[in-house]
Structure formats: structure tokens, C-alpha cells
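Listed here are the chains, written in short residue letters.
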Amino acid sequence: MIYLPIADNIDHVIVDVIQALSPLVLFFLILQVLSLKLPKDYVINLLKGLLITLIGMVLFFQGVKIAFLPAGQRIGELCGTIEQTWLLIPFGFMLGFLSTYAEPSVRVLCYQVETSSNGYIKGSLILYALSIGVAISVGVGMIRILYGFPFLPIIFGGYLLVLILLRFCDSDFIGIAFDSGGFATGPMAVTFLMAFAVGVADSMGGRDPLLDGFGMISLIFLTPILMLLIIGIIFKMKKKEMYHDS
Amino acid sequence: MLSDFKSQFIEISKAITPIILVILIIHFLFIPDFSISNALVLILGSLMVTLGIALFLVGVNVGLIPIGNAIGSDIPRSGSIVIILMTTFFLGFLATIAEPNVRVLADMIQIVSENSIERLQFIMVISVGGGFFIATSIFRIIYNVPLAYLFSSGYLLVLLLLFFAPPDYVPIAFDAGGVTIGSINGPIFLAMGIGVTSILGGRSAISDGFGLIGLASLGSVISILIMGIVAL
């Protein structure tokens, strides 16, 4: 019988998830007693939902830890040794797209945007915009690791662009755009993509893997904001056109 | 709930299959010492991830989102702005402390700063920042302060701080912006903002309900840049 380390350190994962849930649940229960006073059956259903969330998160985090984290590292190290280094750029682009496409909290954002706009803004539009945004980030991150150009000007230029685009963006999109940065840097990005970037930087040698990894996350935080601001500008232009036509 | 799970599971399987296939193909083709037990762990882990996300999303829809909505629509009822701001500050503070990623980041900061910044001190600073900005965003929804003002002045401040902060802190600061929002406090804050707009008249969920997460992230970025400047 071969030994499969699928449950290693799962207790840490369970403690982490319970810890993250508990203050919010406690806060809710206090409000429930003091002022909400929702029907008992309803509260029990909510708590069942929380239990399902808890089990789901434990499975998800553990799965990411045993499968995606080492896979990202291995692929990153492998990529650091290939000769046609430029291949890393499209490859990073693809990994960025696919992992955001699978990111659970991005799905929650898309769902909330679609329901609270009554379907006016499609969830799939947000999903593709974020996936492409992260793909660009990882591609740029690879260029940066390959050619070693400095990080600060990219970040400075990026946020300067954010400030400029913000002036022309439809107001419906501003909140969503800035929220999206936090959702795009979810567990898939932070474990898989970061492990990949650190693996590449590590096998290239002569770089600081810790800071390269962080740099990658900073880029992943930036591009979704830019993408959604651009979509907001396009929406605004379309609205104007419709106004002129009618 | 069961049919919801089934449809989520199918949806997530479709979302996650491409990345799993890419990973498996690369492993089989290019990694020479890729053993059967490694392959099994990869496949089992992927199954856990798929099942985990599907359960998580079902749970979010029937648990976290309604809870966030309920908290959000209850907060403005107290009528006193002081109580509203105090409770939301407290909630944001606790939710940030509880986020596991914040602790991971705190360890990293300790390494980068060569122990000049204490772990606990860092966690406190970032959580106070989180609480402060969550309260600010509730304030802005109630008093209708345009998000564009808050974000442009916030990021303008960030750009200014970039000139003074030590270079090592910059990537960590933006990383903090991302990680303080986790898979649990993210959906709850999102639903809370929308809940607050639902109870106040004349607000639209789409343009007023969002922005909480973005402001909390901005708070973390600013607080770490300032920490870096202070630590110089």
C-alpha cells in the first residue's frame, strides 16, 4: 500500500477556517439576540450553510496545499530551466487565466454583481475580465523575472493609470473595480501562481524569490482594477451613444 | 440545497478541469521522476478542490451572504452614527485579525524587516486599518460620499508614500491589500455593503453596495507603507 499524504496537517487548516469564521458568526449571533430576532428555523438554516462552507473550505485549502502548491513549484522550477525563455511569457499568461477562472471567491463576486445589477452587468463579463487581467499580470511578472526590470515603476505607472481611468469610469463600476483586486488575489493566486513564480525565480538564480513572489501578487491585485475600470469606461460610452440615438 | 450543490459541482468541474489538465499533462510529459503516488495525490487533491469549492459556494449562498445581508440591513437601524461606526469598526477589526493570511504575511514582514517589526504589532496595525476603513465605507454609504473621491484621494496618498517607503515594503504592502480580504470576510463584507444599501432609501445596490472590499484593501496598503516609513 502506498502512503498518500492527503490529510497531512489538516488540523491546522481546520483551526484556520474556524478562526476566520468565528468572529463574524459571533457578531451575527449577538446581533440576532439583541436586535435581529430572526425566526429560529431560519437561523438554523444559516448555521447549516456555515457548516457547509466550513467543510468546503477545509477540503479546498487542503486540496490546494497537497496538489496545487507543489505542482506550481515543480512547474515553476521546470520552466526556469528551459532554453527558450520567452515561452514563459505566454505560458504564464495561460496559467494566470486558468487559475483565476477557477478561483472560488471571484465566482462569489460575479454572482453578487449579476444579482445586484438585476442581470444588467453579466457575471461572465466580470469573470473573463478578471481572468484576462490576472493573465496579463502573470505574463508581465514573467517578463520582469526574465529581464529583471524594476518593480516600482510598473506599480507607480499602474496606479497613476488607475487614477486617470477613474475620472472617466461609469460610477456603477468603481466599487466593483476596486473590490475585484481583493477577490482576484484569492487562494489559487496566492498559492499556485505564487509558488509558480517563486519556482521560476528560484531556478533562474540570483534573484530574491520572496520579493519576486510578493511582486507577482501586487501585480495580480492591480490589473483586475484596470480591466474593470476600462469596462466601466466602455459602458459609459455605450450609455452616451444610446442617449444620443434616442 | 441538493440540486444547488449538483449544479454548482458541474459548473465548478467545468471551471477547474482546464487547469488540472494542463498541470497533469506537463507533469506526465516533462517531469521525469513523477511517480504514481504523486499523480494520485495530484488527482485526489484536485477532486478535493472541486468538491470543496462546490460546497463552499453552496454554503456561501445559504449562509455567509444572507448573514452579511442581515448584518448590513440591521446596522443602520440603531439610528446613532456613533454606534454604527463603532460596531462596524469592531467587526472589521475582528474579521481582519481572524484572516489566516494576515498571519502568514506578518511572518514574512518579520523576515524582511529583520525582526525590527514585531509580528503582533503588525497584525494590530493592519487590523486597525481594516476596521477603520470598513467603518469609513459604511459611513460613506450612509452619507452618500462618492467612491471616486475616496479612491482617488486614497491612491494619490499611496503614490506619494511610494516615494518615501523602503523598496522592500512596496510589494509587501500591495500584497497585504490582497490578502486581508479572504474567502470568508470577502463574501460577508460584500453582502454587508449591499445589505446597508437595501435598508436606506435612494441607494442603488450596484453603485453604492460595492467598494467595501476595495477600501479595506486600500487601508492595508496605506498602513504597511506608513509602517515601512516609520521603521526606516
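Since this is a predicted model, take the numbers as computed values, not measurements.

## Remarks on the overall build of chain A
Counting its regular elements, chain A contains nine helices and zero strands. Listed N to C, the secondary structure of chain A is α-α-α-α-α-α-α-α-α in terms of helices and strands. Its C-alpha atoms give chain A principal-axis dimensions of about 70 × 65 × 30 Å. Counting only residues that meet the buried cut, chain A has 54% of its 246 residues in that class.

## Digging into the overall build of chain B
For chain B, the helix and strand inventory stands at 10 helices and zero strands. In chain B, the succession of α and β elements from N to C terminus is α-α-α-α-α-α-α-α-α-α. Expressed as lengths along the three principal axes of its C-alpha atoms, the size of chain B is roughly 60 × 50 × 30 Å. Residue burial in chain B is summarised as follows: out of 232 residues, 52% are buried. The contacts in chain B between residues at least 6 apart in sequence include a share of 82% that link residues at least 24 apart.

## A look at the domain arrangement of chain A
All names here are of chain A. Parsing chain A into structural domains produces domain 1 (1-68) and domain 2 (82-245). The C-alpha-based centres of domain 1 and domain 2 are spaced at 28 Å. Split by residue class, the side of domain 1 that touches domain 2 holds four nonpolar, no polar and no charged.

## Here's the deal with the UniProt feature "transmembrane region" (unreviewed entry) in chain B
Residues and elements named next belong to chain B. The UniProt record annotates "transmembrane region" (unreviewed entry) at residues 12-31, 43-67, 79-98, 120-139, 146-165, 177-200 and 212-231. Each end of residues 43-67 is marked by a C-alpha atom, and these two atoms are 34 Å apart; helix forms 100% of the span and strand 0%. The span residues 177-200 carries 75% helix and 0% strand; its end-to-end C-alpha distance comes to 29 Å.

## Structural notes on the domain arrangement of chain B
Parsing chain B into structural domains produces domain 1 (1-63) and domain 2 (79-231). Placing a centre on the C-alpha atoms of domain 1 of chain B and another on those of domain 2 of chain B gives a separation of 32 Å.

## Comments concerning the UniProt feature "transmembrane region" (unreviewed entry) in chain A
Per the UniProt entry, the sites bearing "transmembrane region" (unreviewed entry) are residues 12-34, 46-64, 84-104, 125-145, 151-169, 181-201 and 213-235 of chain A in this numbering. Structurally, residues 181-201 of chain A comprises 90% helix and 0% strand, and the distance from its first C-alpha atom to its last is 24 Å.

## Things to note about the packing of helix α7 (residues 171-184) of chain A against helix α10 (residues 212-231) of chain B
The geometry of α7 of chain A relative to α10 of chain B is characterised by a closest axis approach of 7 Å and an angle of 55° between their N-to-C directions. One way to sum up the angle between α7 of chain A and α10 of chain B is to call them oblique. Our pair here, α7 of chain A against α10 of chain B, has a crossing hand that is left-handed. Contacts from Gly175, Phe178, Asp179, Gly181 and Gly182 of chain A in α7 of chain A reach Ile213, Gly214 and Ser217 of chain B in α10 of chain B.

## Here's the deal with the interface of chain A and chain B
Where interface size is given, it is often the accessible area lost as the parts come together that is meant. Taken together, the contacts link 81 residues of chain A with 82 residues of chain B. Counting residues per element, the ones that place at least two in the side of chain A that touches chain B are α1 (10-36), α2 (40-80), α3 (88-101), α4 (104-116), α6 (152-168), α7, α8 (187-204) and α9 (209-245) of chain A. For the side of chain A that touches chain B, the element with the most residues is α2 of chain A, which contributes 21 residues. A per-class count over the side of chain A that touches chain B returns 54 nonpolar, 22 polar and five charged.

## Considerations on α4 of chain A
Residue and element names in this part refer to chain A. Helix length check: α4 (13 residues) gives 19 Å between terminal C-alpha atoms against 18 Å at 1.5 Å per residue, within 8%. Counting buried positions along α4 yields 10 of 13 residues, so the element is predominantly enclosed. Residues of α4 that are buried: Pro104, Ser105, Val106, Arg107, Val108, Leu109, Cys110, Gln112, Val113 and Ser116. Phi turns positive, to about 55°, at Asn118, one or two residues after α4.

## Observations concerning the packing of α4 of chain A against helix α2 (residues 36-74) of chain B
The interhelical angle for the contact between α4 of chain A and α2 of chain B, taken along N-to-C directions, is 35°, at an axis separation of 10 Å. The interaxial crossing formed by α4 of chain A with α2 of chain B has right-handed handedness. Residues Pro104, Arg107 and Val108 of chain A of α4 of chain A pack against Ile53, Phe56, Leu57 and Val60 of chain B of α2 of chain B. Per-class residue counts for the contact of α4 of chain A with α2 of chain B are six nonpolar, no polar and one charged.

## Quick word on α3 of chain A
Residues and elements named next belong to chain A. Over its 14 residues, α3 runs 20 Å from end to end, which matches the ideal 20 Å to within 8%, given 1.5 Å per residue. In terms of residue burial, α3 counts as a mostly covered element, since 11 of its 14 residues are buried. Of all the residues in α3, the buried ones are Leu88, Phe91, Gly92, Phe93, Leu95, Gly96, Phe97, Leu98, Ser99, Thr100 and Tyr101.

## Overview of the confidence of the model for chain B
All names here are of chain B. Per-residue confidence for chain B gives a mean pLDDT of 88; residues scoring 70 or more make up 100%. Here helix α4 (residues 100-112) stands out as the element of chain B with the lowest mean pLDDT, 78, in contrast to helix α6 (residues 147-164), whose mean of 95 is the highest. Here the predicted complex scores 0.90 on pTM and 0.89 on ipTM.

## Things to note about the environment of Gly211 of chain B
Position of Gly211 of chain B among the secondary structure elements: in the loop between α9 (205-208) and α10. Residue classification places Gly211 of chain B among the buried positions, given that 24 C-beta atoms sit within 10 Å. Each C-alpha atom of the pair Gly211 of chain B and Ala148 of chain B lies 10.0 Å from the other, and the pair is 63 residues apart in sequence. If we ignore the near neighbours within four places in the chain, the residues touching Gly211 of chain B are Ile174, Gly175, Phe178 and Asp179 of chain A together with Ser137, Leu147 and Gly193 of chain B.

## Details of unusual backbone geometry
Residue and element names in this part refer to chain A. One non-glycine residue, Asn9, lies in the positive phi region at around 60°. For Asn9, the location among the structural elements is in the segment before α1. A tally of 11 C-beta atoms within 10 Å means that Asn9 is categorised as exposed.

## Some details on the environment of Ile154 of chain A
With respect to the helices and strands, Ile154 of chain A occurs in helix α6. Through-space distance from the C-alpha of Ile154 of chain A to that of Val140 of chain A is 9.6 Å; in sequence the pair is 14 residues apart.

## Topic: the environment of Asp175 of chain B
Mapped onto the elements of the fold, Asp175 of chain B is located in helix α7 (residues 169-179). It is 8.5 Å that separates the C-alpha atoms of Asp175 of chain B and Leu105 of chain B, two residues lying 70 residues apart in sequence. Other than its neighbours up to four places away in sequence, Asp175 of chain B contacts Phe214, Ile217 and Ser218 of chain A together with Leu105 of chain B.

Rules of the game
Residues numbered from 1 in each chain as written. Chains lettered and ligands numbered in written order. Predicted model: local features only at pLDDT ≥ 70, side-chain atom pairs only at ≥ 80, totals over all residues. Helix = DSSP H or I, 4+ residues; strand = E, 2+ residues; numbered from the N terminus. Buried ≥ 20, exposed ≤ 12 C-beta atoms within 10 Å, placed from the backbone. Contact = placed C-beta atoms within 7 Å. Domains from an automatic or database assignment. Nonpolar A, V, L, I, M, F, W, Y, C, P; charged D, E, K, R; others polar. UniProt positions renumbered as here; feature names shortened; annotations may be inferred. Axes fitted to C-alpha atoms, helices over the stretch in contact; angles between N-to-C directions. Parallel < 35°, antiparallel > 145°, perpendicular 65-115°, else oblique. Left-handed = near helix turned anticlockwise from the far one by under 90°. Expected span 1.5 Å × (residues − 1). pLDDT = per-residue confidence, 0-100.

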